[in-house]
Each structure stands twice: as C-alpha cells, then as structure tokens.
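One-letter residues, chain by chain:
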Amino acid sequence: MWRVVISLMLALSGWAQESHPILPLGSPAPNFELPGVDGAIHRLADYSSSPVLVVFFTCNHCPIAQMYERRITQLVADYQGRGVALVGIQPNDPKAITIDELDSSDLSD
C-alpha cells in the first residue's frame, strides 16, 4: 500500500509543476501586452524602433530589487539616447501579497 501512495505522490508532484519554455539564444522575443505603471498598455511592437531591447524582471518588495533601482535608473539615463530601450516587468500579482504579509519590506507589488 505504501508503494502506491509514494508512487501517487511522485506522479502528482510532477504533474503539478508547470513547464515553462526556454527560448534558445537568438530567438525573437515573444509578443507581450502589459499594463504599465503609467496607465498605458505596453507592447513589444512599441519598441521596434530600438535596435536593442533590454527586458528585466523586478518587483517592489524585494530588498535586492530595491537596491538595484538606482542602477537601473542610471542604465536608462546612460543608454536611452543610444538606441537602447529598457523595459522592466514586475510579474507578481498586485493582490498576491499584502503589506502586512511582507517580512522584508513595507512596499507591496
């Protein structure tokens, strides 16, 4: 009986994990349409005039992400006139974690 339970648990744990595709180097960027903090919808096509598009993922509540905020701001200032567009994506749901649930910051996503 215990073998059946263990087998079932292993099967369910593998089934519960989502598989995320990994793009090979040199692949075109997948299209996206995401709301911005400026209230606008941002699309991949909006950046087609830039020869280089840098996409980075960050969040509001992570202390390390907060530490890098000045560096990212400086990168934008340094490269915006040189044909480089930077797009920051915050992938967390704004309702996923509340301020009282955070243990490392007073900012929510």
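In what follows, the structure referred to is the one given above.
These remarks concern the structure in this document. (Residues numbered from 1 in each chain as written. Predicted model: local features only at pLDDT ≥ 70, side-chain atom pairs only at ≥ 80, totals over all residues. Heavy atoms only, no water.)

A few points about the pairing of strand E4 (residues 84–89)
Pairing of strand E3 (residues 52–57) with E4, which is carried by 6 bridges, proceeds in the parallel orientation. The residue bridging Val 55 from the neighbouring strand is Val 87, located in E4. Handedness of the crossover joining E3 and E4 through helix H2 (residues 63–79): right-handed. (Pairing = 2+ DSSP bridges. Helix = DSSP H or I, 4+ residues; strand = E, 2+ residues; numbered from the N terminus. Right-handed = clockwise from strand over helix to strand, strands pointing away.)

What to know about the nonpolar core
Formed by Phe 32, Leu 44, Tyr 47, Ala 85, Val 87 and Ile 89, the largest nonpolar core amounts to 6 residues. When residues no more than four places from it in sequence are discounted, the contact partners of Tyr 47 are Phe 32, His 42, Leu 53, Ala 85 and Val 87. (Core = buried A, V, L, I, M, F, W, Y, C linked by side-chain atoms within 4.5 Å. Buried < 20%, exposed > 50% of the residue type's maximum accessible area, 1.4 Å probe, protein only. Contact = heavy atoms within 4.5 Å.)

What to know about the pattern of salt bridges
Using the criterion set out here, one finds 1 salt bridge in the structure. Two residues, Glu 33 and Arg 43, come together in a salt bridge whose shortest N-O distance is 3.6 Å. In this pair, Glu 33 is assigned in strand E1 (residues 33–35) and Arg 43 in strand E2 (residues 41–43), connecting sequence segments 10 residues apart. Using a relative accessible area of 33% as the deciding quantity, one classes Arg 43 as partly exposed. (Salt bridge = Lys/Arg side-chain N within 4 Å of Asp/Glu carboxyl O.)

A look at H2
In a regular helix each residue adds 1.5 Å, so 17 residues correspond to 24 Å; H2 covers 25 Å between its end C-alpha atoms and thus fits that length. The principal kink in H2, of about 35°, is found at Glu 69. (Expected span 1.5 Å × (residues − 1). Bend = angle between axes of the 7 residues up to and from the residue.)

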